[in-house]
Amino acid sequence: MVMESKTTSKTSCLKALLLKAWRERWTDLQWGINIKTVLPRGVSGDVYNLADCILQQAVVGAGANQLVLSYLRHSLSAQLVSHAAVLQRLSKYNQLNKVHCVFSLLEFLEGMLPGVTCCGKPEETVLATAILSIACWLLTILLQCKGSPHLTQKASFLVTTLMNDDFYVSMMCLARYSDPELFTETNRKCIELGASLSESDDLLKSVKKLENIDVSTLSHPINSEKWPGSLVQCWLEVKLVGNPGASTSSLSEQLRLFQKLKGFDGSRLYAELMRGSLLALYDVNQTSHESQWGAFAFLKVPHILLELAGKNDSSSIVAAVELMLQHSPLLDAMDANSSCSSLECLLGELVKARLISEVQFKHLLEKRKAPPSLKLDTAPAAAGIPKVIICAEPTLAGILKTLSTDYHKIQDPLLGMLHQVLTGKSFELILAVATVQGQLRTLVTRLIRFNECSKSGGDKARAQLFDISFLMLVAIVQNYGAGAVLDPDGESLFEQWVRSCMVERQRPKAPEQLLRLGDPLTIEMLLQQFNAGETDFKPNVKWQDVLFNMAGVMHEVLVAWEQGALVTADVKRILDAVRGRMCCLPLAAAAWLCAYMRTAPQENLLKPVNMVQQLLAPPAAEEDSLRERWQLTCEIIRKMQRDVQLPLQTKSSHHLISRQPAIEQLHAAWSAAIRRGWLDHSSAKTLHCLLDTAGPRWLVSAVIQELLKLRYRDQLQRGVDLALAAFHVDIGACTLELLSHILPQMLYNDLQADSLMEPQLLALAYLTSYCVYTAFDAFSEEHEEPLAKVARLNENVDEGTPMEQLIAMLRQLLTIFEDGVQEGFITQQTYFAFYLIKSLVEVKVNSANALLAAIPPALITDLLRTLPELFTYPILLHLHDVYNTHGRINMAKDLCILRNYHLRNVAQENS
């Protein structure tokens, strides 16, 4: 009560002083001197409603009192009243019939707008509401004073001025959330006014902008990249080498994220996808991977495009193909390899998916001009990979349909069909098509069913059916992994054998454990049979008994040979009988020998290696059906040998063990990709092997070192794309290592930090933000499953879900920067912190808010005071969370800091 009376008393004194000033015609300087005798030192006139008092006095008559308005102008300059208080008071003036007063107030507002700000006082959020109030007041004038052209013209000019200034737009975005009722009123007036304006009216654009004002109103400029880019193609290689059966939906989601990261429009993204898949196919021409990439390029890509674009965006698909036509050397090379038009085959599949029409198909083909020297085979029997792949699609459908029928009715036809599948490259093609169509698990399930039905009984057809289905299943598991195609709790003979006996690179089997599965009596019986050279089995044989005892048979033979009880000829006779008519037996025998060799000393390897080589010798029987099965058996056994990493094997660039140092392997793959602008299949496999060999921390460190060696901006852009793709060998583990170890070590190690300069620093910051967003997206897809490869990366980060670890590590890294900036020095770390925050803000994806919340507000303010010239209003607007009070307070404070910096610059330029 006492305070209220004091305030009322002081307000009365101010009104009295104002009347005295007007009567005596004081100048604004005299007003400034005398007002200080009434206002206590350091107290704002807002406390006593000074702005309200002056404006009330100024508009008493028919026209505004310019002398009194000059007192208000001086009070603003002397910071006796705040801009927020003056704007709030102006917006409450409702005597719009006093035209001269209104016009004078509009002129006064026009003079205010270039300098409206807040100098670190608690009125920052009030200022945002005041600015939106003024905009609402201007709309009211435009609606109610249509009969006064000079008023509407001035009000229109001021609305346009507000909406063309990023500071005012940012503050009004803030006010939308701090005062929803005011925004609703403003929005209603915008709609009402917009309805009365013509499309040609310049004011309409500003009114529409105000009507829909939000954080997205101020967008960041998109950095346009030259066509073609590197990211999508490199990522496809790395992703599909690691997971060839990746689903259409997961690939589509990842591509959408890349689209936002890189700022691609739809047609650019689709063109990158088509080009990347064709480039990958061209790279593996005439290799065992050709079918896989052919199926992806011509069967999977149309389905991905359908999920990305839908059936109503044919114009973007056409624009993407036209962009592809600019890259004619690739199409020429593809056509030369396949002796048919790759583009025609691809467009045909797009027509089937209803992505383009027949008219568009013909139009695009007419645009494609093949070089005269290129002769295409138009005969129906042309065996180009595009046509072969497209023909394999209905073949797979037929096989799956046959495998779904009753076993007893189709035993003989089925056997013929499966033998046909093993001929030439048919099996490879069928698997490739099944993989890209998501039918691989279905194929495996149905093969297992037939394998189970034929696992007992020795008649020839039944035995062959068991043998061929077993071989096909082993080949599939070997290529795609048991986890991708088998039920972990499956109880079939094949699934039990895979879990217990099969040699897999990532899942070693103990040879002693395999021996425990055998039965001594059965092993003795089999030894007698094989030693006698007999290849035929009894009619009531159970193949389960034979397969699980082959380890014991091979163990007895090896021990007997090593101890001299058997000579080389005896061993050869036994092994020849093992591989007599059933290919699954030498395969089971080789599985134990390879498991044994994985742990055996170097000096004991020669005899088991020779036994495996003998198992690989061609069988004596000349049956056609055995020949195809035997070829597949040899491929499986050789892959087993590679998986156990025997030093006696032929060299391969895809082995984990290599005479070439890991850093040299990475450098060779990196240099070739940077030079060409795309990643080859061999290099992608090398990256996966390096991850398995050296782990994610080494891989990330080595890739970053290669990136920082690049000097030119176009090279660095390509390097960022390649590095991001390379980290997709395990994006989660690589990103956690980057945040927790590599960046802190690099930025705060004096020897390394001194080498971090522009433009490498900027490239590293963008790579970091891309990795953070991509890893966050990957963890979201995993539904918070625990990360297998990163048990504990930082002692200071609490255990939690991978997503929680990611956010915690990002926050920890930024907190380190905060400590450095507060010391007042401008270093590489300061610039990196800014560029990292800027790049995180520029990518406005769904997960952005969760990651931006990890940025300490104090770091933003410190960076803003240290490097104000680098900040913009859109950065600050997107950086803070407008949905909570603290976020709005911090945003208002930072917007005013940047505003004051700009105003100081203007003042210096004018002086």
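Worth saying up front: this structure is predicted, and the values here are computed from it rather than measured.

The rules behind the values
- Residues numbered from 1 in each chain as written.
- Predicted model: local features only at pLDDT ≥ 70, side-chain atom pairs only at ≥ 80, totals over all residues.
- Heavy atoms only, no water.
- Helix = DSSP H or I, 4+ residues; strand = E, 2+ residues; numbered from the N terminus.
- Buried < 20%, exposed > 50% of the residue type's maximum accessible area, 1.4 Å probe, protein only.
- Polar contact = N/O pair within 3.5 Å; in protein donor to acceptor, adjacent residues only side chain to side chain.
- pLDDT = per-residue confidence, 0-100.
- Contact = heavy atoms within 4.5 Å.
- Salt bridge = Lys/Arg side-chain N within 4 Å of Asp/Glu carboxyl O.

Note on placement: Ser 291 falls in helix 15 (residues 290-309). Using a relative accessible area of 0% as the deciding quantity, one classes Ser 291 as buried. Polar contacts involving the side chain of Ser 291 include one to the side chain of Glu 428, which spans 2.7 Å.

In this section: the confidence of the model for the protein. Looking at the protein as a whole, the pLDDT averages 86, with 91% of positions reaching at least 70. When mean pLDDT is taken per element in the protein, helix 12 (residues 231-242) scores highest with 95 and helix 38 (residues 750-753) scores lowest with 68. Here residues 378-382 is a poorly scored stretch, pLDDT under 50, and it has three contacts once near neighbours within four places are set aside; other chains count. Here residues 784-797 is modelled with pLDDT under 50, and outside its nearest four sequence neighbours on either side it reaches 33 contacts, counting other chains as well.

Here the focus is the pattern of salt bridges. In the structure shown here, the tally under the stated rule is 26 salt bridges. Measuring nitrogen to oxygen at the nearest pair gives 2.6 Å for the salt bridge that ties Glu 110 to Lys 154. Of this pair, Glu 110 sits in helix 6 (residues 99-112) while Lys 154 is found in helix 8 (residues 149-163), placing the two residues 44 residues apart along the sequence. We classify Glu 110 as partly exposed; its relative accessible area is 28%. Put simply, Glu 211 and Lys 208 hold a salt bridge, and the shortest N to O gap is 3.8 Å. With Glu 211 and Lys 208 both in helix 11 (residues 202-211) and three residues apart, the pair spans about one turn of that helix. By relative accessible area, Glu 211 is classed as buried at 14%. In the salt-bridge network here, residues are joined through shared partners; they are Asp 332, Asp 335 and Arg 368.

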